Amino acid sequence: MTWHWIGLAFFSLTLLPAGLAMVTGHVPERLRSRLAPARPRGWALLAGYAAAPLNTIPRLVEASPAIISAATATAGIVAATGCLFVAVAAHRTASTAS
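Residues numbered from 1 in each chain as written. Predicted model: local features only at pLDDT ≥ 70, side-chain atom pairs only at ≥ 80, totals over all residues. Heavy atoms only, no water.

Q: What should I look at first to understand helix H1 (residues 2–23) in this one?
A: Since the α-helix turns once every 3.6 residues, residues separated by three or four places project in the same direction. For H1, with 22 residues, the first-to-last C-alpha span of 31 Å sits near the 32 Å given by 1.5 Å per residue. The largest bend along H1 measures about 30° and falls at serine 12. For H1, the elements touching its buried residues are helix H2 (29–35) and helix H3 (38–60). Following H1 by one or two positions, glycine 25 has its phi on the positive side, about 85°. (Helix = DSSP H or I, 4+ residues; strand = E, 2+ residues; numbered from the N terminus. Expected span 1.5 Å × (residues − 1). Bend = angle between axes of the 7 residues up to and from the residue. Contact = heavy atoms within 4.5 Å.)

Q: Please clarify how the environment of arginine 39 should be interpreted in this entry.
A: Here arginine 39 shows up in helix H3. On the accessibility criterion, arginine 39 (47% relative accessible area) is partly exposed. The spatial distance from the C-alpha of arginine 39 to the C-alpha of methionine 22 is 5.6 Å, given a sequence separation of 17 residues. In this structure arginine 39 touches Met22, Val23, Thr24 and Gly25, once residues within four positions along its chain are discounted. Looking at arginine 39, its side chain comes within polar contact range of the main-chain oxygen of valine 23, at 2.2 Å. (Buried < 20%, exposed > 50% of the residue type's maximum accessible area, 1.4 Å probe, protein only. Polar contact = N/O pair within 3.5 Å; in protein donor to acceptor, adjacent residues only side chain to side chain.)

See the structure below:
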C-alpha cells in the first residue's frame, strides 16, 4: 500500500506539472526544438499520468475487484491513447524535417 502512495506522489510531482506546461505551451526555449510539437507530447504525458491514479486510487480505497478491473482497463486505454499522441508527435516531427 505504501508503494501505491509513493508512486502516486512521484507521478504527481513529475508528470503532471511537465504535461501541463507542455500542453499550455510553457516550454523553455532551449527545449523547444527537441520537444516540438510540444502540445501532443504534453497530452501524452498527461495520459501517462492519468494511468497512475486510475490504477492506484481504487486499490487505496479497497474497492471491489470489479471496479479495480474496470479502472485498470480504463488506465490501459488511456495509456494507449498517450502512445497514440506520441506517435502523432513523432509523425509530425518527421513530416516537418523532410
